[in-house]
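Notes for the structure review
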Amino acid sequence: MATMPASASDLLKSFKLKTKQQELLIRVSILCLVYILAFITRLFSVLRYESMIHEFDPYFNYRTTLYLTENGFYDFWNWFDYESWYPLGRIVGGTLYPGLMVTAVLIYRILRFLRFAVHIREVCVLTAPFFASNTTLVAYFFGKEIWDSGAGLVAAILIAVCPGYISRSVAGSYDNEGVAIFALLFTFYVFVKAVNTGSLAWSLASAFGYFYMVSAWGGYVFIINLIPLYVLVLLITGRYSMRLYVAYNCMYILGMLLAMQIRFVGFQHVQSGEHMAAMGVFFLMQVFYFLDWVKHMLSDTKLFQAFLRITVTSAVAVGGVALGLGMVSGYISPWTGRFYSLLDPTYAKDHIPIIASVSEHQPTAWSSFMFDFHILLFLFPAGLYFCFKRLSDATIFIVMYGLTSMYFAGVMVRLILVATPAVCLISAIAVSATVKNLTVLLRSKNKVVQTGSTKGSGGSKSSSKALLDQSQPFQKNGAIALLFGAFYLLSRYATHCTWVTSEAYSSPSIVLAARGAHGNRVIFDDYREAYFWLRQNTPQDAKVMSWWDYGYQITAMGNRTVIVDNNTWNNTHIATVGRAMSSYEDEAIEIIRSLDVDYVLVVFGGVTGYSSDDINKFLWMVRIGGGVFPVIKEPDYLVNGEYRVDKGAAPKMLNCLMYKLCYYRFGEMMTEYGKPPGYDRARGVEIGNKDVKLEHLEEAFTTSNWIVRIYRVKPPNNRW
Amino acid sequence: MEAWIRARVTLALTLFALLFFVSRSSPPRQFVISNAERRIDLSSHIINVHLTLKVENTGTRPASEVVLALTPTEVDHLAMVDALAIKGKRKKTTSVRLEVKPTELPDAPPIDAKYFTIYLADPLNSGESTTLEVLYVFMHFLEPFPAEIAQSESQLVFYHDTALILSPYHIKQQTTFIKTPSTKVESFIRVEPTNRVGTEIKYGPYEDCPPYSISPIHVHFENNSPFAVVEELVQEIEISHWGNIQVTEHYTLVHAGARHKGVFSRVDYQSRQFSNGASSFRYLLARLPARVHSVYYRDEIGNISSSHLRTNSLKSELEIEPRYPLFGGWKATFVIGYGLPLQDFLFESSDDKRYLNFTFGCPLIGMVVDKLTIKVVLPEGSTDPSPVVPFPVEHRLEAKYSSLDVIGRTVVVLEKKNFVPMHNSHFQVYYTFNPIFMLAEPLMLASAFFMFFVACVAYIHIDLSIRK
């Protein structure tokens, strides 16, 4: 009887964890919770709409993934797609980054092997959230590597909900970025780890991380430029070490060889201008190592100085000559337009309208920084301060990553995504360091108070007072206030992130939702209505002409051949479509016939007030068309530099094909009570040309809310 | 000369032989139809023909087999034939269902025809008479003419038949009534006496028609009822002994009327609903079992948001709208899925077997199904399945792998061509199942998790480093 309580307490004691174990338990459970949180916060769109693929590009990825599951890897690798870019076709296997599709199919196969009867669509929809969860883990380890495990935890939490990342990784946005950010952060983490340890295994891992990144996204160029830059900075700041030498050389050589296996990259990796920095730094490293060795061998400093001068000049000269020769002979290709537009934000606007026409390529507005980063924007400089205070190889890396990516984020909206992990990590350092300092302050006092209390109840007050006197006045209160402030800010951040995710980043954009007059939700499912109509009721080999935005969706959902799509690899072809859309009907029909088009599809928001329709995109068609065919001139479509569709519009505007196709028989339509018929709700004007007659095209289908209109090209009239 | 004579002899012999066979031609002429009335309903694209025959045995022996004749075109479009024997007089009539089977007559009749035999319950004695009611259902039998119409035109169709009932028996008196959906009849062939009142055309009465007499007619009339045809319906019924039946139905729907030609104008379709697209249809109604839950309606590219579900304790109605209105020749494919409580449909039979009792049919109302496939997915581990269907179907077995299946599930596949709503009836699938199999999947999952944690514990406690 008596032993019972004792054994019970023993049992309890054995269950009681040591502080270290407690800490581990807390850390693991926080990480698990963050992992789950990162996943479920991205499921808004699945719950609100359905498990579906979003936007435009993901539809291509989904289609290729389907192809991969059905036909296997080799067919996929050699796939020539006749259904897009008619009549050119597209070598799909050689012009995409297969990482995403292969990953999804791998997950699918594993689940199938484990006897889970999932559909490939579900896998595709949930790939991005799954990788976002994995990214939080990488962020934790990365934070732990550059600062401490506390910073790692904070970084994991921050990146789990950061809108800048969520914008590209909600369920259904099955895009390259979804896995690429994971790969990017993983590569960086492993590389930093390799630099810190000098271990071949870690640098091998970073080479494989880099390979995965190359296979997944064109943004790998950022890695292959940032890492050499980082190495260069380390060399300049005199932080060269054997560890760095091992890490960089192994990563570069193996990474390069692996990256060249991706068909889309291939020899570009050693030939194109964007990759030259890495190669240059690689040779520089060898020179450095050689010099180090010579210095070690030569005891005479003077001799070494002379030798140094000769070697450096000759190395630079050889490098310069090689680069120049390569450039001149065309062996080294110059930088691409996209790369230029990153370095010079105004470049695209003047030279490549097709890049400038994409909204996600616009320079970032301040509001979107605030929207995507919220408090991180203020924590970022604070984190930089802490990093500079405790400089190490790792913190130098994160500082460089943060600064460069912030610059790129300022150039292009979509590159906020690349900056997000860095911003989260640096902010995490700020949060973690601040909170740690404050709590240390609080706890140290408590300890003293406790020791004081053991001495006697009377002495405690005086001793704590004495301690307070040593430090600044109200330090404890201040610390508490600051802690509360920090938690308040962080909780605001969490609310903001959830709100942004739910409001801004979780709409599939293929289904539009609006509030009806009675507060009920009205769904405009016109896109799918039109695509499904195409799929079911047009000949199997019908060719559909539309603006390139809808190309991927038409091939994926409509299963019909398109003239141009979102790949935009052939500017002339797109310009031809732009020219057809902006010409008069009888001129356009020549182009349409020459392209063998059967159906023309336009998107029109005049009935519903949907503003991103073809009329609003029309000026880009004019610009892109005019860029190749000078007969199309932008001023012809404007009145005093103003773009309008009402009575005061330019005559060419009122009679071009796009206008006619959008507004055909719209003049008979009453859209809004108290407005004349033919009132365009998207632009808020009554249209200028209500009597649209079509000669060579006929209306084949218009969706229930008029968002998509499809026209059939009539066969030529008989001559007799 | 000699050759010519020989040829003549051969011809004469052949003719003689032919005549001989014709004169011997069965059916035994012991029946005479004293009165025949036929009512043809053309109001939708499913054609119902009600035939009331008063059959008299004029032979010497009792006989129990009455033969019906149909033209080959009719047989091609025949979805079902059903016969009832009417007993009793006036108000106290009872009807008995009779067996009908396709038969071949042993010798060639004067015209090309196919036959069905009705087997009477009791043989008809000499001199007695009985009343038979026969129902024919035809599908795809109305021929749109013109074959292509524009959006604003209404749909005109041809109905071909014969004014006299094709029969191997002598018919003393017969009348045919044809009911058209509206008064708009373009033309019809008269075989006097013929009379048209409102939506009804009456042919007859005709007296004393010899066997195999025909008189072709056609009616050309307006029929704007939706010609909705399900080309293929695959219904999958998955039984889970954990309390749920999951039904998934894959439809390929087509508008089988006159093809749509030229422009589809949304303005006209929206503003002038009545004069535009009269033959097109937008809404479909599915009648689902009561207590249905988790209903979905989608297609290859995602959810279709235009549907309404109304449920009450007796039945559920799902009103669905395809993504676009269907005009002649337009197609739509979609999937409807729903869950049902197991106890409503699964029962235990006396011999320790279980059986599923489910409706054989298409939940969409008024729908013709060209090919109906029902797949009953039995739970993993069930054995010796046997289907019981009230009419002939093809059946075979398949295997299916669903979540966490190792040996695969037995699938009973039932196939029926030319299905019309009148076929709707219950069918049963009997099988034996040991409840222990229900635990297989949870145990598998539990052991997988257990293994995972054991592996974690082992990993923490084992030191794998080479350096000491």
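The structure displayed is predicted, hence computed values, not measured ones.

**A short note on the overall build of chain B**
- Secondary structure summary: chain B contains four helices and 31 strands in total.
- Seen along its three principal axes, the alpha-carbon backbone of chain B occupies a region of about 120 × 65 × 60 Å.
- Sorting the 468 residues of chain B into buried and exposed places 47% on the buried side.
- Pairs at least 24 residues apart make up 75% of the contacts formed inside chain B by residues separated by at least 6 positions.
- When the accessible surface of chain B is summed, it comes to about 23600 Å², and 58% of that surface belongs to carbon and sulfur atoms.

**Looking at the packing of helix H28 (residues 571-582) of chain A against helix H30 (residues 614-628) of chain A**
Residues and elements named next belong to chain A.
- Interhelical geometry of H28 versus H30 gives an angle of 120 degrees and a closest axis separation of 7 Å. In this view, H28 runs oblique relative to H30, as classed from their interaxial angle. Remark: the crossing between H28 and H30 carries left-handed chirality. The segment H28 lies against H30, with Asn-571, Thr-572, Ile-574, Ala-575, Gly-578, Arg-579, Met-581 and Ser-582 engaging Phe-618, Met-621, Val-622, Ile-624, Gly-625 and Val-628.
- Residue composition of the contact of H28 with H30, grouped by class: eight nonpolar, five polar and one charged.

**Some thoughts on the UniProt feature "transmembrane region" (unreviewed entry) in chain B**
- UniProt's entry tags residues 443-462 of chain B with the feature "transmembrane region" (unreviewed entry), counted in the numbering of this structure.
- Annotation note: span residues 443-462 of chain B, helix share 95%, strand share 0%, distance between end C-alpha atoms 28 Å.

**Comments concerning the domain arrangement of chain A**
- Domain annotation of chain A identifies domain 1 (175-333) and domain 2 (525-713).
- With centres defined by C-alpha atoms, the gap from domain 1 of chain A to domain 2 of chain A works out at 49 Å.

**Remarks on unusual backbone geometry**
- Omega for the peptide link from Tyr-86 of chain A to Pro-87 of chain A comes to -5 degrees, which places this bond in the cis form.
- As for its position among the elements, Pro-87 of chain A is in the loop between strand E1 (80-81) and strand E2 (90-91).
- Following Phe-145 of chain B, the chain continues into Pro-146 of chain B via a peptide bond in cis, with omega recorded as 5 degrees.
- Positioned with a positive phi, Asp-596 of chain A is a non-glycine residue whose angle comes to about 65 degrees.
- Relative to the helices and strands, Asp-596 of chain A resides in the loop between helix H29 (585-594) and strand E7 (599-603).

**So, helix H25 (residues 475-503) of chain A**
- For H25 of chain A, which comprises 29 residues, the first-to-last C-alpha distance of 41 Å matches the rise-based estimate of 42 Å (1.5 Å per residue) to within 8%.
- Restricting attention to buried positions, one finds in H25 of chain A the residues Gln-475, Ala-479, Leu-483, Tyr-493, His-496, Cys-497, Val-500, Thr-501 and Ser-502 of chain A.

**Observations regarding the UniProt feature "domain: Oligosaccharyl transferase STT3 N-terminal" (unreviewed entry) in chain A**
- Under the present numbering, the feature "domain: Oligosaccharyl transferase STT3 N-terminal" (unreviewed entry) in UniProt falls on residues 28-426 of chain A.
- Measuring from the first to the last C-alpha atom of residues 28-426 of chain A gives 22 Å, for a span that is 74% helix and 1% strand.

**Focus on the domain arrangement of chain B**
Residues and elements named next belong to chain B.
- Split by domain assignment, chain B resolves into domain 1 (31-222) and domain 2 (228-442).
- Placing a centre on the C-alpha atoms of domain 1 and another on those of domain 2 gives a separation of 33 Å.
- In this assembly, 19 residues from domain 1 lie in contact with 29 residues from domain 2.
- Both sides of the domain 1 and domain 2 interface together cover about 1900 Å² of buried area, and 58% of this is carbon and sulfur.
- Taken together, the links from domain 1 to domain 2 amount to zero salt bridges.
- Only strand E4 (78-87) and strand E9 (148-149) provide two or more residues apiece to the side of domain 1 that touches domain 2.
- By residue number, the principal contributor to the side of domain 1 that touches domain 2 is E4, which donates three residues.

**Section: the pattern of salt bridges**
Residues and elements named next belong to chain B.
- Enumeration over the complete set of coordinates arrives at 54 salt bridges over all chains.
- The salt bridge involving Glu-238 is made with Lys-400; its shortest N-O contact spans 3.1 Å. A residue pair is termed long-range when its members are at least 10 positions apart, and Glu-238 in strand E16 (residues 228-240) and Lys-400 in strand E29 (residues 394-400) qualify at 162 residues.
- Overall, the relative accessible area of 21% leaves Lys-400 in the partly exposed class.
- Through salt bridges with shared partners, one network takes in Glu-236, Glu-238, Lys-400, Asp-405, Arg-409 and Glu-441.

**Structural notes on empty space enclosed by the protein**
Residue and element names in this part refer to chain B.
- Considering all chains together, one arrives at two cavities of 30 Å³ or more under this definition.
- By volume, the largest cavity amounts to about 190 Å³.
- In this structure, the largest cavity is lined by 22 residues; those nearest its centre are Leu-51, Ala-69, Tyr-136, Ile-165 and Leu-166.
- Going through the elements one at a time, strand E1 (31-41), strand E2 (47-57), strand E3 (63-70), strand E7 (129-138) and strand E10 (156-162) are the ones with two or more residues in the lining of the largest cavity.
- Ranked by residue count, the leading element in the lining of the largest cavity is E3, at four residues.

**Considering the sheet that holds E7 of chain A**
Residues and elements named next belong to chain A.
- Taken together, the five strands give an open sheet; going across it, the order is E6-E5-E7-E11-E10, and neighbouring strands pair in mixed fashion. Whereas interior strands pair on both sides, the edge strands pair on one side only; in this sheet they are strand E6 (561-562) and strand E10 (697-702).
- Looking at chain direction, E10 and strand E11 (residues 708-713) are connected through five bridges and run antiparallel. Each bridged residue has a counterpart across the sheet, and for Glu-699 the counterpart in E11 is Tyr-711.

**Focus on the pairing of E11 of chain A**
Residues and elements named next belong to chain A.
- Among the six residues that make up E11, five are buried, leaving the element largely enclosed by the rest of the structure.
- In this sheet, E11 lies alongside E7 in antiparallel orientation, the contact comprising five bridges. Note on E11: the bridge partner recorded for Leu-601 is Ile-710.
- Connecting E10 to the antiparallel partner E11 that follows it, the hairpin turn spans five residues, and Trp-706 within it adopts a positive phi of roughly 65 degrees.

**As for the interface of chain A and chain B**
- The interface of chain A with chain B comprises 28 residues on the first partner and 29 residues on the second.
- Both sides of the chain A and chain B interface together cover about 2600 Å² of buried area, and 50% of this is carbon and sulfur.
- At the junction of chain A with chain B, the criterion picks out four salt bridges.
- Note that Arg-323 of chain B and Asp-525 of chain A form a salt bridge whose closest N and O atoms lie 3.2 Å from each other.
- Remark: the boundary between chain A and chain B carries 19 residue pairs in polar contact (both at pLDDT 80 or more).
- Elements represented by at least two residues in the side of chain A that touches chain B include exactly helix H26 (526-537) and E10 of chain A.

**What to know about the confidence of the model for chain B**
- When pLDDT is averaged along chain B, the result is 86, and 92% of the positions lie at 70 or above.
- In the model output, the complex is listed with pTM 0.89 alongside ipTM 0.88.

**Description of the layout of surface pockets**
- When its volume is computed, the second largest pocket comes out at roughly 1400 Å³.
- For the second largest pocket, the lining is made up of 41 residues, of which His-119 and Arg-121 of chain A together with His-250, Arg-298 and Glu-300 of chain B are closest to its centre.
- Looking at the lining of the second largest pocket, the element that brings in the most residues is helix H4 (residues 57-71) of chain A, giving six residues.
- Grouping the constituent residues of the lining of the second largest pocket by class yields 17 nonpolar, 11 polar and 13 charged.

Rules of the game
Residues numbered from 1 in each chain as written. Chains lettered and ligands numbered in written order. Predicted model: local features only at pLDDT ≥ 70, side-chain atom pairs only at ≥ 80, totals over all residues. Heavy atoms only, no water. Helix = DSSP H or I, 4+ residues; strand = E, 2+ residues; numbered from the N terminus. Buried < 20%, exposed > 50% of the residue type's maximum accessible area, 1.4 Å probe, protein only. Contact = heavy atoms within 4.5 Å. Areas by Shrake-Rupley, 256 points an atom, 1.4 Å probe, with all protein chains shown as cover. Axes fitted to C-alpha atoms, helices over the stretch in contact; angles between N-to-C directions. Parallel < 35°, antiparallel > 145°, perpendicular 65-115°, else oblique. Left-handed = near helix turned anticlockwise from the far one by under 90°. Nonpolar A, V, L, I, M, F, W, Y, C, P; charged D, E, K, R; others polar. UniProt positions renumbered as here; feature names shortened; annotations may be inferred. Domains from an automatic or database assignment. Expected span 1.5 Å × (residues − 1). Buried area = accessible area lost by both parts, 1.4 Å probe. Salt bridge = Lys/Arg side-chain N within 4 Å of Asp/Glu carboxyl O. 1 Å grid on protein atoms, 1.4 Å probe; cavity = no way out; pocket = protein on both sides within 12 Å on 5 of 7 lines; lining within 4 Å. Points joined across faces, edges and corners; volume = space filled by probe spheres on them. Pairing = 2+ DSSP bridges. Polar contact = N/O pair within 3.5 Å; in protein donor to acceptor, adjacent residues only side chain to side chain. pLDDT = per-residue confidence, 0-100.

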